[in-house]
Amino acid sequence: MEPLGHAVHALVSSWAIPGALAGVLWGILGGALPGISPSIAMALLLPLTYGMDAVTAIVLLASVYVGAEYGGSIPAILIRTPGTNSASATVIDGYEMARQGRAGEALGISLIAGLVGGLFGLVVLVAATKPLAMVALAFTPPAYFALGILGLSVVAGLSGGSLLKGLLAAAIGLALATAGPDPMTGVPRFTFGEPDLLSGIKPLLVMMGLFAVTEMLVQIGEPPWAKANAANARLKLPDLRMMKRLARPTAIGSVIGTFEGVTPGAGGTIAAFMAYSEAKRWSNAPEEFGKGSPEGVAAPECANNVVTATALVPLLSLGIPGSNSAAVLLGGFLVHGLQPGPMLFEKAPEVVYGLYGGLLIANIAMVAIGLVILTPCIWLVNRPKPWLIAFVLALVVTGVYSVHQSVFEVGLVLGVGVVGYILRACKVPPLPMVLGVVLGFMIESNYRRSLLLSGGDYSIFYLDKVSLGLLLAAAALATYSLWREFGERAQRERVEAAAT
Amino acid sequence: MKLNAVDLTLGVLAVTAAAGYLYETAQIPESLLEDAVGARGVPLAIGGAMAALGALLCFRGLLGARNGEPSGGERPAAASESLPNALRPHLQALALLGILATYVALSPHAGYIASTALLIAGIAWFAGAKRSWQLPLIAIAGSVFLWVMFDPVLSIPLPAGAWWESR
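Parameters at a glance
Counting of residues starts from 1 at the beginning of each chain's written sequence and follows it residue by residue. Chains and ligands are labelled sequentially in the order written, the chains with letters from A and the ligands with numbers from 1. Per-residue local features are limited, in this predicted model, to residues with pLDDT of at least 70; the limit for side-chain atom pairs, both in listing and counting, is 80 or more; totals at the level of whole chains, interfaces and linings are taken over all residues. Under the scheme used here, helices are H or I runs from DSSP no shorter than 4 residues and strands are E runs no shorter than 2 residues, and both carry numbers assigned from the N terminus. In this description, any two residues whose backbone-derived C-beta atoms lie within 7 Å of each other are considered to be in contact. Put simply, the radius of gyration uses C-alpha atoms, and a globule should come to 2.2 Å times the residue count raised to 0.38. Counting other C-beta atoms within 10 Å of a residue's own tells you its class, since 20 or more makes it buried, 12 or fewer makes it exposed, and anything in between is partly exposed; those C-beta atoms are placed from the backbone. Residue classes follow a fixed rule: Ala, Val, Leu, Ile, Met, Phe, Trp, Tyr, Cys and Pro count as nonpolar, while Asp, Glu, Lys and Arg count as charged, and any other residue, Gly among them, counts as polar. Helix axes are fitted to C-alpha atoms over the stretch in contact, other axes to C-alpha atoms as well, and angles between N-to-C directions run from 0 to 180 degrees. To sort the angles, those under 35 degrees are grouped as roughly parallel, those over 145 as roughly antiparallel, those from 65 to 115 as roughly perpendicular, and the leftovers as oblique. A crossing counts as left-handed when the near helix is turned anticlockwise from the far one by less than a right angle, and as right-handed when that turn is clockwise. A helix is expected to span 1.5 Å multiplied by its residue count minus one. The angle between axes fitted to the seven-residue stretch ending at a residue and the seven-residue stretch beginning at it gives the bend at that residue. For the domain bounds, the source is a domain assignment made automatically or taken from a database. Across the chain, each position has a pLDDT score giving the predictor's confidence in that residue, from 0 to 100.

### Regarding the overall build of chain B
- When its secondary structure is counted, chain B shows six helices and zero strands.
- Counted from the first residue to the last, chain B has its helices and strands arranged as α-α-α-α-α-α.
- Looking at chain B alone, contacts between residues at least 24 apart form 67% of all its contacts between residues at least 6 apart.

Below is the structure:
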């Protein structure tokens, strides 16, 4: 009970509770605006925390992270524009539900799955920070390489029925990820003399082009989609029956989010994709995925919200910031003279327990704010289609420009949108391409780092136990996906043959 | 035997893109810090994979083989649909892209507020919004709202416009 007492005392003796509420609101706003990543939303507030006490400052920054990760799913569902990287897996079924006039239902599922994920992650953070920190320490370059391969192994499950096209999309994504400085030597690659390409192509830019711009290019030539009727134009929280259906994908998202969160560098994007793929694999209705499945919204939303808490495990216990957002939070600790790591629990328990309490309030505030703002958001996207297309594109170009104040990047996103349009016309699934862009740098840099460590000996990949385990898991996942895909294809062909 | 035009087109595009990518890979300069794999190693493997996948798609397209995709999905152009009608969505997408490209060229000179107002009005008009006095008004209000959100509120500078700055 002592930690609980610490948490309550830390919260009531500071401005942490108002800080959590303000942080979530700011985070949702930042996350919902394309181009404003959670780390940017946090960094914008960092200077304001200088004059605050440590508990309020840390709770404020962590709450921005929670809010931003949730906020990213709002435009992903409503306008096919993921506000954050980790919301990109939500796009597929969330937007499809919105097109069917079920935006309120999709947003309700995302809200509740996010709450469950956030609370589950918090329990893991409180109960298992110290033992889970060992997972982070076990990760060596070959293990990171294997983790990337494990992420890629879900391509088959995301290929929408054509493995060849899915693999091609993944290869295009991996190719885009090689633009910029070589991870080992710093030699510029595929920059075409353009200074804006010297730092590479950010995954978020590819996602905005591939999802938002492509969708608007398609929508301009199509009749209006189903409008939400009065009942569906409101936020609809899942009922008990739906909650029962969502239990499995939520559990899958929780487990994957925990694993990915405690692994520095893995992050919510990989967690969301893997959770989506696994939820489809274990679903009783896998054929609904990609066509507006509630499970396809719940699994990634739960996973990326679990990560908001579990990503703090390596930061708090080892002082390792596993993501950009954790690095900004580390900055918040350092500004207040605190060094995250094993001694933090001894030196400043009130900050650690205050953070736990603040995260609990942030997750509850996320639901309360969501209940207030989501119905107006649905109303907004039910405006006449010409205005919707105009404002979505204005928001996208503004968001893209805001990342680096680069007009070139706006042009780049439009180019990716055109590529996405061509791929869509050829029925190439977009998700494997996103996965390739997200994982490309991680796979290449750790592959080469591993070989550098071993002097070019490939046995390092199977002598490292974590690497071996992950590679075996990747092989098992890929084999199962292939077996299932070929089985489904054979079944389809039998049905079609019987029909003729 | 009937060709699968989609697979064949995609395969040709993939092989062409792979050839361009591999050509650019060959242009990557060598570094004194080069490791065993080198800066070209992974791009070579990716380019090779793209070319192989493209070749497989071409092969499948030529065979006209069933590609295992579930039936349904995006509606193909109906046989009765005339070519101009089938092309119309693509031409509309091209025109929208033209408006966006004009915006990219214009915004550094005209500034964020003016160019974004023009973008919103242009797209809404092109997409079929009712022509009335409200159209420019909503476009300007929308542009100013986005500017307020990003520039003063989030402190992210947006282009002021070279034309206005030079006056």
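### Overview of the overall build of chain A
- Scanning chain A from terminus to terminus reveals 22 helices and two strands.
- On C-alpha atoms alone, chain A measures out to a radius of gyration of 22 Å, which is about the 23 Å that the 2.2 N^0.38 rule sets for 500 residues.
- Each principal axis of the C-alpha atoms in chain A carries an extent, and together these give about 75 × 65 × 50 Å.
- Here chain A, with 500 residues, has 62% of them falling under the buried criterion.
- Of the contacts made within chain A by residues no fewer than 6 positions apart, 79% connect residues no fewer than 24 positions apart.

### Regarding the interface of chain B and chain A
- Each partner contributes residues to the interface: chain B has 57 residues there, and chain A has 52 residues.
- Elements supplying a minimum of two residues to the side of chain B that touches chain A: helix H1 (5-26), helix H2 (38-63), helix H3 (83-110), helix H4 (112-127) and helix H5 (134-153) of chain B.
- Its residues assigned to classes, the side of chain B that touches chain A shows 40 nonpolar, 11 polar and six charged.

### So, the environment of Leu150 of chain A
Residue and element names in this part refer to chain A.
- Residue placement: Leu150 occurs in helix H8 (residues 141-152).
- Classification of Leu150 as buried rests on a count of 23 C-beta atoms within 10 Å.
- Residues Leu150 and Leu471 lie 321 residues apart in sequence; the distance between their C-alpha atoms is 6.6 Å.
- Sequence-distant contacts of Leu150, that is, excluding residues within four places in its chain, are made with Leu470, Ala473 and Ala474.

### Remarks on the packing of H4 of chain B against H5 of chain B
Residue and element names in this part refer to chain B.
- H5 packs onto H4 with a crossing angle of 135° between their chain directions and a minimal axis gap of 8 Å. Regarding the angle of H4 to H5, the classification is oblique. Classified by chirality, the crossing of H5 by H4 is right-handed. Of the residues in H5, those touching H4 at Tyr112, Ile113, Thr116, Ala117, Ile120, Ala121, Ala124 and Trp125 are Leu135, Pro136, Ala139, Ile140, Gly142, Ser143, Val144, Leu146 and Trp147.
- Counted by class, the contact of H4 with H5 contains 14 nonpolar, three polar and no charged residues.

### Let's talk about unusual backbone geometry
Residues and elements named next belong to chain A.
- With a phi close to 60°, Arg80 is a non-glycine residue in the positive phi region.
- Here Arg80 lies in the loop between helix H5 (73-79) and helix H6 (88-99).
- Phi at Phe192 takes a positive value of approximately 50°, unusual for a residue other than glycine.
- Position of Phe192 among the secondary structure elements: in the loop between strand S2 (188-189) and helix H10 (203-219).

### Remarks on H5 of chain B
- With 20 residues, H5 of chain B ought to run about 28 Å at 1.5 Å a step, and its terminal C-alpha atoms sit 27 Å apart, in line with that.
- Along its length, H5 of chain B shows its largest kink, about 25°, at Trp147 of chain B.
- Among the residues making up H5 of chain B, those that are buried are Ile138, Ala139, Gly142, Ser143, Leu146 and Phe150 of chain B.
- The inward-facing, buried residues of H5 of chain B abut helix H18 (385-404) of chain A together with H4 of chain B.
- One or two steps after H5 of chain B, the chain reaches Ser155 of chain B, where phi turns positive at roughly 55°.

### Some points on the domain arrangement of chain B
- Split into domains, chain B comes out as domain 1 (5-63) and domain 2 (83-165).
- Taking only C-alpha atoms into account, the centre of domain 1 of chain B sits 37 Å from that of domain 2 of chain B.

### A few points about the confidence of the model for chain B
Residue and element names in this part refer to chain B.
- With 87% of its residues at a pLDDT of at least 70, chain B reaches an overall mean of 85.
- For chain B, helix H6 (residues 162-165) is the element with the lowest average pLDDT, namely 80, and H4 is the one with the highest, namely 95.
- A low-confidence stretch, residues 70-79 (pLDDT under 50), is modelled with five contacts involving residues beyond four sequence positions or located in other chains.

### A look at H18 of chain A
- Between the first and last C-alpha of H18 of chain A there are 30 Å, a value that for 20 residues agrees with the 28 Å anticipated at 1.5 Å per step.
- After H18 of chain A finishes, the residue Gln405 of chain A shows a positive phi value of roughly 50°.

### What about the environment of Gly148 of chain A?
Residues and elements named next belong to chain A.
- Looking at the element boundaries, Gly148 is found in helix H8.
- Residue class for Gly148 comes out buried when judged on the 26 C-beta atoms lying within 10 Å of it.
- As for Gly148 and Leu435, which are separated by 287 residues in sequence, their C-alpha atoms are 9.7 Å apart.
- Setting aside residues no more than four positions away along its own chain, Gly148 makes contact with Leu439, Met442, Ile443 and Asn446.

### Here we look at the packing of helix H2 (residues 16-32) of chain A against helix H3 (residues 38-45) of chain A
Residues and elements named next belong to chain A.
- Their axes nearest at 9 Å, the elements H2 and H3 cross at an angle of 135°. The pairing of H2 with H3 is recorded here as oblique in orientation. The two elements H2 and H3 meet at a crossing, and its hand is right-handed. The residues of H3 that touch H2, namely those facing Trp26, Gly27, Gly30 and Gly31, are Pro38, Ile40, Ala41 and Leu45.
- A breakdown of the residues in the contact of H2 with H3 according to their chemical character gives five nonpolar, three polar and no charged.

### So, the environment of Pro38 of chain A
All names here are of chain A.
- Among the secondary structure elements, Pro38 is positioned in helix H3.
- Assessed through the 29 C-beta atoms surrounding it within 10 Å, Pro38 is described here as buried.
- Separated by 34 residues in the primary sequence, Pro38 and Gly72 place their C-alpha atoms 8.8 Å from one another.
- Among residues more than four places away in sequence, those in contact with Pro38 are Gly27, Gly31, Tyr65, Ala68, Glu69, Thr84 and Ser325.

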